[in-house]
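# Fold and geometry: a report
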Amino acid sequence: MPTKKLNTIDADTLQTIAYEPISFLVDDLLPQGLHLLAGAPKIGKSWLALWLCLRVARGESLWNFSTHPCEVLYLCLEDSFQRIQSRLFDLTEDAPPTLHFAVMAEQLHSGLVEQIEQFLKEHPATGLVVIDTLQRIRTVSNDVSPYANDYRDIGVLKGLADRHRIAVLLVHHLRKLGDDDPMNMISGTTGLSGATDSNFVLRKSKRRENTATLYCTGRDIAYRELSLEFNGETHIWNLLADDCEQAGEPHGRILALLSPLLREQQEICAPAKALLEKIDPAGVEGLTPNSFSHQIRKSVDALRRDGITVSFRKSNGERLICLRRADGVDDPAAAKSGPIDPVAAAAPPLRGFPA
């Protein structure tokens, strides 16, 4: 039997492919993909999950993080519709019709994926699916190791999220034994936490306290610790502090640098070095062509939301960053597009460019 040939791609070709950027349901916190929210029993993680669903369904900010409205499916598999109704009234008098609930579902390898895909077909605007709890949809398998079983189950759910470019959030439990690293407290093997895109651990230092820390880590988000306080009257986890706030937001700075340039020209294609020399000739930003290009790539989705589309291509052996302002321009002559000449004579100052 002939060996099946590996499907490979060379590095140069790979860098020319314009993949759709990762999109976020909650900016800087919850991207598309598969995620775990773990916490001790009765700590309030279901209140947090329900409030998250409400904010996303309405397009309202979650703490200091902007959300992008979409339809939401919440599988409350440990509750009844009556209890969900009661919790909804505790949170709001005006729940949106774009938030959907189910209290019964098939198990993971017995029809659940098909049920969710049928729902997505009927509600194509769905961007978030919450499963509360993960354990309710799993079956015990005796023919594989615990690690293999965990990895297999997570792989099925990750495949679902990736195929449909949605976020799937699994509500899960922590093990009873403490650990210096909260991520090590997620119940199960590393086949669970290691195969997800992001993990969130809600942890109190003392059981009787109403404060907790939400530890956040993932492939597409920065590590951060959010200090939260649960309000027993509103049943909302309020944000007290974000240890990532002082780190600065690169998307905003990139936008501030590019906006004056795109007021001069509606469309520009140039190597990173030429662009950088144009927007930061004195080098005060401390960026190199490589780091600048990297920041542009990380900011593609954020820039697009601000009306700037980004693409990349290769021409005459050089990699070009192509920027285009999506809105119209007042001066048609200024909209004429073309490459920046990195060796051109000194250009006049850009209008509105920060000193």
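Because the structure is a prediction, the values reported are computed rather than measured.

Evaluated as defined, the whole model comprises one disulfide. Disulfide partner of C269: C322, at an S-S distance of 2.2 Å. Negative torsions about the S-S bond denote left-handed disulfides, and the value of about 120 degrees found for C269 with C322 makes this one right-handed. Here C322 lies in strand 14 (residues 318–325) and C269 lies in strand 12 (residues 267–270), a separation of 53 residues in the sequence. Accessibility classification places C269 together with C322 in one group, the buried group.

Our focus in this paragraph is the pattern of salt bridges. Scanning the entire structure with this criterion turns up 17 salt bridges. Linking D150 and R138 is a salt bridge whose minimum nitrogen-to-oxygen distance equals 2.7 Å. Within this pair, whereas D150 is found in helix 5 (residues 146–164), its partner R138 is found in the loop between strand 6 (126–132) and helix 5, the two being separated by twelve residues in sequence. Judged by its relative accessible area of 6%, D150 is buried. By relative accessible area, R138 is classed as buried at 11%. Among the ionic pairs, R138 bridges to D153, the shortest N-O distance being 2.7 Å.

Counting 45 residues, the largest nonpolar core has L29, W63, L128 and L214 as its most contacted members. Looking at which element gives the most residues to this core, the answer is helix 2 (residues 45–58), with ten residues.

What follows concerns the environment of V201. Relative to the helices and strands, V201 is located in strand 8 (residues 198–203). The exposure class assigned to V201 is buried, which follows from its relative accessible area of 0%. Along the backbone, V201 and A212 are eleven residues apart, and their C-alpha atoms lie at a distance of 9.9 Å. Apart from residues no more than four positions distant in its own chain, V201 is found in contact with A38, L174, P182, M183, I186, T213, L214 and Y215.

Our next topic: the confidence of the model for the protein chain. With 89% of its residues at a pLDDT of 70 or more, the protein chain shows a mean pLDDT of 86. Within the model, the stretch residues 328–355 combines pLDDT values under 50 with 40 contacts to residues more than four positions away or in other chains.

With that settled, consider the sheet that holds strand 9 (residues 211–218). The strand order across the open sheet built from nine strands is 5-4-6-7-3-8-9-10-11, with neighbouring strands paired in mixed fashion. The sheet is open, and its two borders are formed by strand 5 (99–102) and strand 11 (236–242), each paired with just one other strand. Averaged over all pairs of adjacent strands, the angle between their axes in this sheet comes to 20 degrees, without regard to strand direction. Pairing analysis gives six bridges linking strand 10 (residues 224–231) to strand 11, with the strands arranged antiparallel. Paired with S227 across the bridge in strand 11 is A241. Contacts from helix 2 reach strand 3 (33–39), strand 4 (71–76), strand 5, strand 6, strand 7 (167–173), strand 8, strand 9, strand 10 and strand 11, with the element oriented near 160 degrees to strand 4. Contacting strand 4, strand 5 and strand 6, helix 4 (residues 108–122) runs over the sheet at an angle of about 150 degrees to strand 6.

Our focus in this paragraph is the packing of helix 8 (residues 272–279) against helix 9 (residues 289–298). Packing of helix 8 against helix 9 brings their axes to within 9 Å, and their N-to-C directions diverge by 90 degrees. As far as their axial angle goes, helix 9 and helix 8 are roughly perpendicular. Contacts between helix 8 and helix 9 involve A272, K273, L275, L276 and I279 on the former and, on the latter, P289, F292 and S293. Here the contact of helix 8 with helix 9 is built from residues that sort into six nonpolar, one polar and one charged.

Rules of the game
- Residues numbered from 1 in each chain as written.
- Predicted model: local features only at pLDDT ≥ 70, side-chain atom pairs only at ≥ 80, totals over all residues.
- Heavy atoms only, no water.
- Disulfide = S-S within 2.5 Å.
- Helix = DSSP H or I, 4+ residues; strand = E, 2+ residues; numbered from the N terminus.
- Buried < 20%, exposed > 50% of the residue type's maximum accessible area, 1.4 Å probe, protein only.
- Salt bridge = Lys/Arg side-chain N within 4 Å of Asp/Glu carboxyl O.
- Core = buried A, V, L, I, M, F, W, Y, C linked by side-chain atoms within 4.5 Å.
- Contact = heavy atoms within 4.5 Å.
- pLDDT = per-residue confidence, 0-100.
- Pairing = 2+ DSSP bridges.
- Axes fitted to C-alpha atoms, helices over the stretch in contact; angles between N-to-C directions.
- Parallel < 35°, antiparallel > 145°, perpendicular 65-115°, else oblique.
- Nonpolar A, V, L, I, M, F, W, Y, C, P; charged D, E, K, R; others polar.

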